[in-house]
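# Notes for the structure review
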Amino acid sequence: QVQLVESGGGLVQAGGSLRLSCAASGIAFSINAMGWYRQAPGKQRELVATITTEGTTNYADSVKGRFTISRDNAKNTVYLQANGLKPEDTAVYYCNAEVVTILRDRRAVWGQGTQVTVSS
């Protein structure tokens, strides 16, 4: 069973930067697309960015040009470099992975979340 552990959240001033990391551990046939989502208080969880094993990326319009997603397939780790942070980026950031189990089932696995707070 695969588990995701996020790190790197915190408090930063507007205009600052943070780097989030998410490491996958456990047994699986494969880990396919990975990504970051976020949920602000009173709002629905929304996509931030995703990346395939081949490195194809997709970003929410609100973060394009400011955030960069990357991954290290050998380490089963995905990163989110967040620059030019704005107060509206404040949210709990969740890591997500599409996992194919050893029984060949496809499952979406979520991390526990890491808080990002941007002060104005």
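Going by the structure above, here's the rest.
All of these numbers come straight from a predicted model, not from anything done at the bench.

What follows deals with the side chain of D89. Tracing the sequence through the fold places D89 in the loop between β8 (77–82) and β9 (91–100). Residue D89 is classed as buried on the basis of its relative accessible area of 1%. If sequence neighbours within four positions are ignored, D89 has contacts with R38, R66, F67, G84, V116 and V118.

To describe a pair of aromatic rings, one takes the distance between the centres and the angle between the planes. Throughout the structure, instances matching the rule amount to one aromatic pair. Pairing Y37 with W110 gives two aromatic rings, centres 5.1 Å apart and planes at 70 degrees, and the pair type is edge-to-face. Placement of Y37 in strand β4 (residues 30–39) and of W110 in strand β10 (residues 106–110) is noted, with a sequence separation of 73 residues between them. Owing to a relative accessible area of 37%, W110 belongs among the partly exposed residues under this scheme. For the cation-ring pair, R19 lies above Y79, with the distance from its terminal atom to the ring centre recorded as 4.1 Å. In this structure, R45 is placed above the aromatic ring of W110, and the distance from its NZ or CZ to the ring centre is 4.6 Å.

Within the secondary structure layout, E98 lies in strand β9. You can call E98 partly exposed: its relative accessible area is 32%. Contacts of E98, omitting those with residues within four sequence positions, involve S30, I31, N32, A33, R106 and R107. Here the side chain of E98 touches R106 through a polar contact of 2.8 Å, side chain to side chain.

Conventions we followed
- Residues numbered from 1 in each chain as written.
- Predicted model: local features only at pLDDT ≥ 70, side-chain atom pairs only at ≥ 80, totals over all residues.
- Heavy atoms only, no water.
- Helix = DSSP H or I, 4+ residues; strand = E, 2+ residues; numbered from the N terminus.
- Buried < 20%, exposed > 50% of the residue type's maximum accessible area, 1.4 Å probe, protein only.
- Contact = heavy atoms within 4.5 Å.
- Phe/Tyr/Trp six-rings, centres within 6.5 Å; stacked < 30°, edge-to-face > 60°.
- Lys NZ or Arg CZ within 6 Å of the ring centre and 35° of its normal.
- Polar contact = N/O pair within 3.5 Å; in protein donor to acceptor, adjacent residues only side chain to side chain.

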